[in-house]
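# Overview (structure and organization)
Now for the letters of each chain:
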Amino acid sequence: QVQLVESGGGLVQAGGSLSVSCAASGRTFSSYVMGWFRQAPGKEREFVAAITRSGSSTLYADSVKGRFTISRDNAKNTVYLQMNSLKPEDTAVYYCAAGSTVVPRTQLGYYNYWGQGTQVTGSS
């Protein structure tokens, strides 16, 4: 079992930056691929970014590539999402997820554990 708690969401002007974090419980954090997803009102939850267990490789949605950076600190059981050049269309609830998959995946079904989400709002 892994419990995930996101933090760091908030309101930021378009073009600004924001970082969100996800703290995991348990001693097996490093055995999970970690991902960030988001869900805007009236839309389906979508993939944002994912990172391998060691942190050596990452995967991004085209919509955030070059603006967002995912990273992890296995010693702190934490995964991060640094968001730069935020746009109003980035507004959503952001969820972190842990998956037992071998490589980072974009599909929700590969992820076994989910946090409760944190709101990120990019104002125009």
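Throughout what follows, the structure given in this document is the object of discussion. Keep in mind it's a predicted model, so treat the numbers as computed, not measured.

## Looking at the overall build of the chain
Helix and strand counts for the chain stand at 0 helices and 11 strands. When the elements of the chain are put in sequence order from the N terminus, they spell out β-β-β-β-β-β-β-β-β-β-β. The globule rule puts the C-alpha radius of gyration for 124 residues at 14 Å, and the 13 Å found for the chain is close to it. Along the first, second and third principal axes, the C-alpha set of the chain runs to 40 × 25 × 25 Å. When each of the 124 residues of the chain is scored for burial, the buried share is 44%. Across the chain, the fraction of contacts at a sequence separation of at least 24, relative to all contacts at a separation of at least 6, is 57%. About 6200 Å² of surface is accessible on the chain, with carbon and sulfur atoms providing 47% of the total. One finds the centroid of the 11 positive side-chain charges in the chain at a distance of 7 Å from the centroid of its 7 negative side-chain charges.

## Details of the nonpolar core
One finds L4, W36, V79, L81, M83 and Y94 to be the most contacted residues of the largest nonpolar core, which totals 36 residues. The set of elements that each furnish at least two residues to this core consists of strand 3 (18–24), strand 4 (33–39), strand 5 (46–51), strand 7 (68–73), strand 8 (78–83), strand 9 (92–99) and strand 10 (111–114). Setting aside chain neighbours within four positions, we find V79 in contact with V20, S21, C22, F29, M34, W36, I51, I70, S71, R72 and C96.

## Things to note about the state of the cysteines
Applying the stated criterion across every chain yields a total of 1 disulfide. Covalent S-S linkage joins C22 and C96, the inter-sulfur distance amounting to 1.9 Å. A torsion of 40 degrees about the S-S bond marks the disulfide between C22 and C96 as right-handed. In this pair, C22 sits in strand 3 while C96 sits in strand 9, placing the two residues 74 residues apart along the sequence. Take C22 and C96: they sit in the same class, and that class is buried.

Thresholds, definitions, all that
- Residues numbered from 1 in each chain as written.
- Predicted model: local features only at pLDDT ≥ 70, side-chain atom pairs only at ≥ 80, totals over all residues.
- Heavy atoms only, no water.
- Helix = DSSP H or I, 4+ residues; strand = E, 2+ residues; numbered from the N terminus.
- Rg over C-alpha atoms; globule rule 2.2 N^0.38 Å.
- Buried < 20%, exposed > 50% of the residue type's maximum accessible area, 1.4 Å probe, protein only.
- Contact = heavy atoms within 4.5 Å.
- Areas by Shrake-Rupley, 256 points an atom, 1.4 Å probe, with all protein chains shown as cover.
- Lys, Arg positive; Asp, Glu negative; His and termini not counted.
- Charge placed at Lys NZ, Arg CZ, Asp CG, Glu CD.
- Core = buried A, V, L, I, M, F, W, Y, C linked by side-chain atoms within 4.5 Å.
- Disulfide = S-S within 2.5 Å.

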